[in-house]
Amino acid sequence: MGGTSTISVGSDGVAIITIINPPVNSLSLDVLNSLKDSFDQALRRDDVKAIVVTGAKGKFSGGFDINAFGGVHEGKAMTTGAASKPGYVSIDILSDTLEAARKPSVAAIDGLALGGGLEVAMACHARIATSTAQLGLPELQLGVIPGFGGTQRLPRLVGLAKALEMMLTSKPVRGQEAHNLGLVDEIVSGDQLLETARKWALDILERRKPWIASLYKTDKLEPLGEAKEILNFARAQARRQAPNLQHPQVCIDVIEEGIVSGPRAGLKKEYEEFQILLHSDTCKSLVHVFFSQRGTMKVPGVTDRGLKPRQIKKVAILGGGLMGSGIATALLLSGYQVILKEVNQKFLEGGLGRVKANLSSSVRKGKLSQEKMEKILSSLKGVLDYESFRDVDMVIEAVIENVSLKQQIFMDLEKYCSPHCILASNTSTIDLNLIGEKTKSHDRIIGAHFFSPAHVMPLLEIVRTANTSAQVVVDLLDVGKKIRKTPVVVGNCTGFAVNRMFFPYTQAALLLVERGADLYRVDKAITKFGMPMGPFRLCDLVGFGVAVATGSQFVFNFPERTYKSMLIPLMQEDKRAGETTRKGFYVYNDKRKASPDPEIKKYIDKAREMTGVSIDPKLEKISEKDIIEMIFFPVVNEACRVYAEGIAVKAADLDIAGVMGMGFPPYRGGIMFWGDKLGSKYVYSRLEEWSKLYGDFFKPCAYLAQRAALGTPLSAPLDQAKPRL
């Protein structure tokens, strides 16, 4: 695990203890043990009067090393011995060594003080920080709770309500706010940090400044009755926002224990609960997502060749619709110059207006100042022809899903753009080889598939063909990172990764409903499972036009495994097209609130009649568990195909694609990870059983059958399929 700490004693009698573990000075077992040794030494030495704790190179500490506590990354099991020591060691070091010491200690905080890093700082007798420092306890993001006394010390320093908010949302506060809250005692500039901290430490020793053990501070805590009300309110809110998650409730229980039974009892409970949560499925899933998200930037054969991303400053976007204007917004917010092209003045004004509206909404939410918005808008230019495309570094085409239109556009781009310009398409389903068929520029054609709304959704699917150059992939990965998206590099096929994996999602739902399941129960079960919305509500949101356009790509390309439902076409005939027409599978009021519609029954009956499908009594009484499995196992099955075909380099990329692109619950770890938790044998046997009852739509693919026969995980590295990338 590495890492250490150093100690140096100045002529003023202040020992400076520095945490060193690049890049963020994370706390490993080595660091903690070294920290304890440095402290013991400082306490023993007669020439040391007081202590300052800091981190090397402008970062205090980014918290406990996740590699050390996850123990689930890439299937490498950690011994529980190693995982269980940190909590124990830390309570010992923080409460008994630092806080109870007869020499005062002050934390000098710059950069990050997160998780265990902040917990170390809170055990000191005072904290000095820079205004830009970030302080927070983000452990709940990983399915655990703070395990080094954070649940006990933070409420005593900032009050119960703010401490709950910081822990439950995992959001850090900046130095200045931390000072206003009482978490930090003074704000100074970076060059004054150590000097001020030394002076504070000596002032505490001379009793010119208060000597405070934060574990026993009570002035910020509300009276018991009031505290219980705040805790219960937080409980109800956490239950509403995360009904499937246990650890936010555990966090609240542990905080309450400290308030009701005292801080030592609180520490004991915190340690015990931390150990249990560390080995929970939720923690394993969230840690898997954490590492997988960081892993998407590594693409074998591309990012390991020493290529440097080229400078991209100016980007042109074709099409100012919802997608084009969203992409333009994302680029503008990250400092790119943007040219937006439309076919006529009316459309152009509409597109520019949408970009402005997106930015204004950020101003209203306080994320952007009015003057910053004006400055950003000065980097946007609207055009009706290709004249100004001669010096752009990249073009992103975002017009409607029409093959011949896109082909024409790419032929035009080849004429007007420089030979180095990257030619990207935001198509969501169309094969890129088809789009670039009539050009000679195959090595610089790439897919940049954003998800709607493009300036909000975190995923960017980067689609490469067999001809796309590695340099162009590296360039687009860099752009993705700069506009704060998680990029996932995938191979070229109909629907790429996300839309292709999830195309059976809506189809399975239609199959269930036409064979007797209740439509609204299906949506309810899927939402309860943790999706942002069910498949029918999603269809309404994207609109039936889009649903049919993308669906038809699959029907055309994978006819053997599509379920041909007449339900949506029948509803379209009656001018029902989803949320925009106020009527789809639901009806919508003026505030766009969705309500079930009894009318739907007649369309379902008519669809059954046309396809000759009969009601299956089993599906009329289908359980929630079966709804979830019948809708998601076909998705797992398709994800296996995508993986086996080499469209994705690693299974973890598919997990991230589903979590970030479709809202698959991160605490379930992603689609392949979730499939593995249930086991390849189980997924295979259920699909096999349904394919006998309901046809080839459910037929398990060869890859899944093979993994089930061998009893191996779905996400284990490929040995038999040659990647198509």
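Residues numbered from 1 in each chain as written. Predicted model: local features only at pLDDT ≥ 70, side-chain atom pairs only at ≥ 80, totals over all residues. Heavy atoms only, no water.

Student: Which residues make up empty space enclosed by the protein, and what are the values?
Tutor: Per the counting criterion, the structure on display carries one cavity of 30 Å³ or more. By volume, the largest cavity amounts to about 50 Å³. In this structure, the largest cavity is lined by Phe-503, Pro-504, Arg-561, Pro-634, Asn-637, Glu-638, Arg-641, Phe-697 and Lys-699. Elements with a contribution of two residues or more to the lining of the largest cavity: α19 (498–514) and α26 (624–644). Of the residues forming the lining of the largest cavity, the biggest block, four residues, is contributed by α26. Within the lining of the largest cavity, the residues separate by chemical class into four nonpolar, one polar and four charged. (1 Å grid on protein atoms, 1.4 Å probe; cavity = no way out; pocket = protein on both sides within 12 Å on 5 of 7 lines; lining within 4 Å. Points joined across faces, edges and corners; volume = space filled by probe spheres on them. Helix = DSSP H or I, 4+ residues; strand = E, 2+ residues; numbered from the N terminus. Nonpolar A, V, L, I, M, F, W, Y, C, P; charged D, E, K, R; others polar.)

Student: Give a description of the UniProt feature "domain: 3-hydroxyacyl-CoA dehydrogenase NAD binding" (unreviewed entry) in the protein that names residues and reports values.
Tutor: UniProt annotation of "domain: 3-hydroxyacyl-CoA dehydrogenase NAD binding" (unreviewed entry) refers to residues 314–492 when read in the numbering used here. With 40% helix and 22% strand, residues 314–492 has its two end C-alpha atoms placed 26 Å apart. (UniProt positions renumbered as here; feature names shortened; annotations may be inferred.)

Student: Which residues make up the sheet that holds strand β4 (residues 105–109), and what are the values?
Tutor: Ordered in space as β1-β2-β3-β4-β6-β9, the six strands form an open sheet in which the pairing is mixed. The two strands at the open ends of the sheet, each matched to only one other strand, are β1 (4–9) and β9 (186–187). As defined by bridge partners, strand β2 (residues 14–20) adjoins strand β3 (residues 50–55) across six bridges and the pair is classed as parallel. Directly across from Ala-15, in β3, lies its bridge partner Ile-51. Running over the sheet, helix α1 (residues 29–44) touches β1, β2, β3 and β4 and is turned about 20 degrees from β1. (Pairing = 2+ DSSP bridges. Contact = heavy atoms within 4.5 Å. Axes fitted to C-alpha atoms, helices over the stretch in contact; angles between N-to-C directions.)

Student: Summarise the packing of aromatic side chains; cite the residues concerned and give the values.
Tutor: Within this structure, the stated rule accounts for 25 aromatic pairs. Taking the centre distance of 4.8 Å and the plane angle of 65 degrees together, the rings of Phe-536 and Phe-585 count as edge-to-face. Placement of Phe-536 in helix α21 (residues 535–542) and of Phe-585 in the loop between α23 (567–573) and β18 (586–588) is noted, with a sequence separation of 49 residues between them. A relative accessible area of 0% means that Phe-585 is categorised as buried. Between the aromatic rings of Tyr-643 and Tyr-703, the centroid separation amounts to 5.9 Å while the plane-to-plane angle is 80 degrees, which identifies the pairing as edge-to-face. Here Tyr-643, found in helix α26, pairs with Tyr-703, found in helix α30 (residues 702–710); they are 60 residues apart in sequence, far enough to count as distant. In terms of burial, Tyr-643 and Tyr-703 fall into one category: buried. One aromatic cluster is present, built from ring pairs that chain together Phe-502, Tyr-505, Phe-529, Phe-632, Phe-633, Phe-664, Trp-674, Tyr-682, Trp-690, Tyr-694, Phe-697 and Phe-698. Sitting over the face of the ring of Phe-529, Arg-668 holds its NZ or CZ atom 4.1 Å from the ring centroid. (Phe/Tyr/Trp six-rings, centres within 6.5 Å; stacked < 30°, edge-to-face > 60°. Buried < 20%, exposed > 50% of the residue type's maximum accessible area, 1.4 Å probe, protein only. Lys NZ or Arg CZ within 6 Å of the ring centre and 35° of its normal.)

Student: Go over helix α9 (residues 224–241) with me, naming the residues and quoting the values.
Tutor: Residues spaced three or four apart along an α-helix point in a common direction, a consequence of the helix completing one turn every 3.6 residues. Given a rise of 1.5 Å per residue, 18 residues ought to cover 26 Å, and the 26 Å separating the end C-alpha atoms of α9 matches this to within 8%. For α9, the complete set of buried residues consists of Ala-227, Leu-231, Ala-234, Arg-235 and Ala-238. Looking straight down α9, one finds that the buried residues subtend no more than 105 degrees of arc, so they occupy a single side. Exposed positions of α9 whose direction lies more than 90 degrees from the buried face are Glu-229, Phe-233 and Arg-240. (Expected span 1.5 Å × (residues − 1). Arc of directions from axis to C-beta.)

Student: Tell me about the pairing of strand β17 (residues 486–491), residues and numbers included.
Tutor: The element β17 is largely enclosed, with a buried count of six among its six residues. On β17, burial covers both faces: Thr-486, Val-488 and Val-490 on one face and Pro-487, Val-489 and Gly-491 on the other are all buried. Alignment of strand β16 (residues 459–464) against β17, held across six bridges, turns out to be parallel. Across the sheet, the residue bridging to Val-463 is Val-490, located in β17. The parallel pair β16 and β17 is bridged by helix α18 (residues 470–482), and the resulting crossover is right-handed. (Right-handed = clockwise from strand over helix to strand, strands pointing away.)

Student: If you had to explain the pattern of salt bridges to someone new, which residues and values would you point to?
Tutor: Applying the stated criterion to the full structure yields 41 salt bridges. With a closest N to O distance of 2.8 Å, Arg-561 and Glu-560 form a salt bridge. With a relative accessible area of 47%, Glu-560 lands in the partly exposed category. By sharing partners, the salt bridges in this structure join Arg-500, Glu-560, Arg-561, Glu-638, Arg-641 and Glu-645 into a single network. (Salt bridge = Lys/Arg side-chain N within 4 Å of Asp/Glu carboxyl O.)

Student: An account of the UniProt feature "domain: 3-hydroxyacyl-CoA dehydrogenase C-terminal" (unreviewed entry) in the protein is needed here, citing residue identities and associated values.
Tutor: UniProt's entry tags residues 495–588 with the feature "domain: 3-hydroxyacyl-CoA dehydrogenase C-terminal" (unreviewed entry), counted in the numbering of this structure. Split by type, residues 495–588 is 61% helix and 3% strand. Its first and last C-alpha atoms lie 30 Å apart.

Student: Mind laying out the environment of Lys-650, listing which residues take part and the relevant values?
Tutor: Mapping Lys-650 onto the fold places it in the loop between α26 and α27 (651–662). Expressed as a C-alpha distance, the spacing of Lys-650 and Val-106, which sit 544 residues apart in the sequence, is 46 Å. Each residue touching Lys-650, except ones within four places of it in the same chain, is listed here: Gly-295, Thr-296, Lys-298 and Tyr-643. Of the polar contacts made by the side chain of Lys-650, one reaches the backbone oxygen of Lys-298; its length is 3.0 Å. (Polar contact = N/O pair within 3.5 Å; in protein donor to acceptor, adjacent residues only side chain to side chain.)

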